[in-house]
Amino acid sequence: YEAKKTGHQVIVYFPELGHRARELSEMSKRIEKALQSDEFELYLQPILSAFGQQLHGAEVLIRWRKEDGEFIPPNKVLSVAEQTGLILPLSQWVVLNSLKHLKKLKAHGFSGLLHINLSPKDLESKEFYYFIEMLVDLDPSMGESIIFEITENAVMTSLNAAREMMSKLSKMGFKFSVDDFGTGFSSLVLLRELPIDQIKIDQSFIKNMLNETTAYAIVESTIFLASRLNCNVVAEGIEEKDIEQALIKLNCDYVQGFLYSRAVPLDEFIQENLM
Ligand code: C2E
Ligand code: MG
Ligand code: MG
Ligand code: MG
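Analysis parameters
- The numbering scheme is per chain: residues are counted from 1 as the chain's sequence reads.
- Both sets of labels track the order of writing: A upward for chains, 1 upward for ligands.
- For a predicted model such as this one, the threshold for reporting local features is a pLDDT of at least 70, and the threshold for listing and counting side-chain atom pairs is 80 or more; totals across whole chains, interfaces and linings nevertheless cover every residue.
- Side-chain measures were taken over the full set of non-hydrogen atoms in the model, leaving aside hydrogen atoms and water.
- In this analysis, the protein atoms alone were mapped onto a 1 Å grid. Cavities are point sets where a 1.4 Å probe fits without being able to get out; pockets are open sets with protein on both sides within 12 Å along at least five of seven lines; lining residues have an atom within 4 Å of a point.
- Grid points are joined across faces, edges and corners, and a volume is the space filled by probe spheres set on the points.
- When residues are sorted by character, Ala, Val, Leu, Ile, Met, Phe, Trp, Tyr, Cys and Pro go into the nonpolar class, Asp, Glu, Lys and Arg into the charged class, and all the rest, Gly among them, into the polar class.
- Residue burial is assigned from relative accessible area. The probe radius is 1.4 Å, only protein chains are included, and a residue is buried under 20% of its type maximum, exposed over 50%, and partly exposed in between.
- Strands here mean DSSP runs of E at least two residues long; helices mean DSSP runs of H or I at least four residues long; both are numbered from the N terminus.
- What makes two strands pair is DSSP finding at least two bridges between them.
- If the strands point away from the viewer and the path from the first strand over the helix to the second runs clockwise, then the crossover is right-handed.
- The rule for donors is simple: N, O or S, within 2.8 Å of the metal, or within 3.2 Å if the metal is Na, K or Ca. Water isn't counted, so a site may look like it is missing partners.
- Take the buried residues of types Ala, Val, Leu, Ile, Met, Phe, Trp, Tyr and Cys, join any two whose side-chain atoms come within 4.5 Å, and each joined set is a nonpolar core.
- Note on contacts: a residue pair qualifies if any of its non-hydrogen atoms lie within 4.5 Å across the two residues.
- A single heavy atom is enough: if one lies within 4 Å of a molecule or strand, its residue is considered near that molecule or strand.
- Definition of a polar contact: a pair of N or O atoms within 3.5 Å, with one able to donate and the other able to accept a hydrogen when the atoms are protein atoms, and with sequence-neighbouring residues admitted only if both atoms are side-chain atoms.
- Note that accessible areas follow from Shrake-Rupley with a 1.4 Å probe, and for residues the cover is restricted to the protein chains shown.
- Cavities and pockets are treated as containing a molecule whenever more than half of the molecule's atoms lie within 2 Å of their grid points.
- Arc definition: directions from the helix axis to the C-beta atoms.
- In this scheme, a helix's expected span is set at 1.5 Å multiplied by one less than its residue total.

Going by an unreviewed UniProt entry, the protein chain carries the name Bifunctional diguanylate cyclase/phosphodiesterase and comes from Pseudoalteromonas arctica.

What follows is the structure in structure tokens.
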């Protein structure tokens with residue numbers, strides 16, 4: 001490595017780190033530009049009642065296809081945004097454009113919940129809170145149509161901040177869902193401490209529930225736990241009919257997965273679910 005003296009500080013450059021930092025900063029510039037020029041798109045994936053398969057809601061999932069056609073997975077976009085301070089503008093963009101989608105969905109008779117994923121940083125950010133508060137001032141009934149999906153890790157980094165913000169948002173009518181339930185370290189603490197309405201069982205348990213007794217036991221217990229806590233429960237990542245049938249037997253409330261539909265653009269969602 002190479003060391004440079006700048007004033008009183010000695011900065012040590014690891015070539016590997018330099019490369020990563022450069023990649024990060026390039027990527028963050030592209031995200032910033034993409035935000036300004038509306039290159040992102042919000043796709044929707046239906047969430048159905050397990051029994052009867054009625055449309056219950058839609059999860060908003062961000063998509064980014066660059067000008068050159070390259071598709072960048074959301075996890076990558078989010079991880080860069082979280083590391084570079086772009087998460088606030090990105091989350092704001094997602095919320096604003098989700099509201100535009102919601103308006104069109106409602107015009108086509110949609111009366112379900114729109115699921116919006118939040119990032120860890122959002123729940124600690126006063127600015128994000130003021131942003132939501134401003135939107136609620138403009139439309140006081142906004143909260144009733146929205147459920148925020150949060151992950152356990154999101155909340156555990158600063159439980160007090162999250163608790164405070166979530167309780168204020170709950171009072172405004174917003175609901176909260178614990179996403180990827182079971183993959184974090186403190187799922188149960190969350191359920192005790194926070195205003196949670198819904199549990200989404202992580203895909204990894206759902207996918208393996210019929211060939212792994214442990215996965216099955218976890219799914220079964222989570223559904224039972226949810227019912228005891230007056231939460232509803234969504235199984236995500238359903239790709240097979242057998243798994244759907246097993247979930248119905250266990251009294252799972254809602255289902256989501258490629259078996260029903262992938263996330264699709266707004267117009268397609270309306271065509272397939274509301275016409
Ligand atoms: P997530 O919130 O757990 O979303 C579910 C992911 O599983 C989505 O991937 C969805 O396309 C995928 N999926 C749904 N059904 C199936 C299935 O049957 N099989 C398989 N193999 N996959 C299925 P996606 O869109 O790539 O999103 C990945 C993650 O990125 C999301 O996980 C969420 O954590 C994050 N994300 C996506 N959009 C946003 C956003 O607007 N804001 C934030 N903060 N995070 C987002
Ligand atoms: Mg989600
Ligand atoms: Mg999930
Ligand atoms: Mg996830």
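So that's the structure; there's more coming.
Enquirer: So what exactly am I meant to see when it comes to the layout of surface pockets here?
Expert: One water molecule sets the probe size; rolling that probe over the atoms shows where empty space is left. Taken as a whole, the largest pocket spans an internal volume of roughly 1,100 Å³. E59, L61, N75, N117 and D179 are the residues nearest the centre of the largest pocket, which is lined by 41 residues in total. Here the lining of the largest pocket is built from residues that sort into 14 nonpolar, 14 polar and 13 charged.

Enquirer: Help me out: how do you make sense of the pairing of strand β6 (residues 113-117) in this one?
Expert: Regular strands show a simple pattern: their side chains alternate between the two faces of the sheet. For β6, the buried fraction is high: four of the five residues fall into the buried class. Taken together, the four bridges between strand β4 (residues 55-65) and β6 define a ladder with parallel strand orientation. Residue pairing in the sheet places A58 in a bridge with L114 of β6. Where β6 meets strand β7 (residues 146-151), four bridges bridge the pair, whose relative direction is parallel. For N117, the partnering residue across the bridge sits in β7 and is E149. Remark: the β6/helix α4 (residues 126-138)/β7 crossover connection has right-handed handedness.

Enquirer: Please explain the coordination of the magnesium ion (ligand 2) as it appears in this structure.
Expert: Taken together, the protein ligands of the magnesium ion (ligand 2) are E59 (OE), N117 (OD1), E149 (OE) and D179 (OD), with distances of 2.0 to 2.2 Å. All donor residues of the magnesium ion (ligand 2) come from one chain, and their arrangement in sequence is E-x57-N-x31-E-x29-D. A distance of 4.2 Å spans the gap from the magnesium ion (ligand 2) to the magnesium ion (ligand 3), which D179 bridges by coordinating each metal. One end of the pair, E59, is in strand β4; the other, E149, is in strand β7, with 90 residues separating them in the sequence. Just as E59 is buried, E149 falls in that class too.

Enquirer: What is the right way to read the coordination of the magnesium ion (ligand 3) from this model?
Expert: Every protein donor of the magnesium ion (ligand 3) is listed here as D179 (OD), D180 (OD) and E236 (OE), and their distances to the metal cover 2.0 to 2.3 Å. Read from N- to C-terminus, the donor residues coordinating the magnesium ion (ligand 3) fall into the pattern D-D-x55-E. In this structure D179 comes out as buried when scored by relative accessible area, which is 7%.

Enquirer: Help me understand the side chain of S91, please; the structure alone is not making it clear to me.
Expert: Within the fold, S91 resides in helix α3 (residues 87-107). Classification of S91 by relative accessible area gives buried; the value is 7%.

Enquirer: Just to check I follow, could you spell out the nonpolar core for this structure?
Expert: As a rule of thumb, nonpolar side chains are buried together in soluble globular proteins. In this structure, F40 and L247 are the most contacted members of the largest nonpolar core, which totals 80 residues. Apart from residues no more than four positions distant in its own chain, F40 is found in contact with I31, A34, L35, I62, R63, W64, V77, L90 and W93.

Enquirer: Explain the site of ligand 1 here, please?
Expert: Every one of the 23 residues lining ligand 1 counts as a neighbour, but R63, D179, Q203, E239 and F258 are closest to it. Note that an oxygen atom of ligand 1 is positioned 3.2 Å from one of the side-chain N or O atoms of N75. Between ligand 1 and the protein, one listed contact pairs an oxygen atom with a backbone N or O atom of F258 at 2.8 Å. Relative to its free-state accessible area of 800 Å², ligand 1 is covered by the protein chains to the extent of 84%. In a pocket analysis with a 2 Å cut-off to the grid points, ligand 1 is assigned to the largest pocket. Counting only elements with at least two residues in the shell around ligand 1, the list comes to β4, α2 (74-84), β8 (175-181) and α8 (203-208). The element that contributes the greatest number of residues to the shell around ligand 1 is β4, accounting for four residues. Residue composition of the shell around ligand 1, grouped by class: eight nonpolar, seven polar and eight charged.

Enquirer: Whenever I open this one, helix α10 (residues 241-249) confuses me. Can you help?
Expert: One full turn of an α-helix is made of 3.6 residues, so residues set three or four places apart face in the same direction. By the burial criterion, the buried members of α10 are I243, E244, A246 and L247. Angular distribution of buried residues about the axis of α10 spans 165°; they occupy a single face of the element. Exposed and oriented more than 90 degrees from the buried face of α10 are D242 and K249. Where α10 is buried, its residues meet α8, α9 (213-228) and β10 (232-236). Looking one or two places after α10, you find N251, whose phi comes out positive at around 70°.

Enquirer: Before we go on, may I ask you to explain α9 in this structure?
Expert: Compared with the 22 Å implied by 1.5 Å per residue over 16 residues, the 22 Å span of α9 between its first and last C-alpha is a close match. The complete set of buried residues in α9 reads A215, V219, T222, I223 and A226. Projected down its long axis, α9 shows its buried positions confined to an angular sector of 95°, all on one face. Across from the buried face of α9, at angles greater than 90 degrees, the exposed residues are T213, F224 and R228. Buried positions along α9 lie against β8, β9 (198-201), α8, β10 and α10. Taken from the residues just after α9, N230 is the one with a positive phi, measuring 60°.

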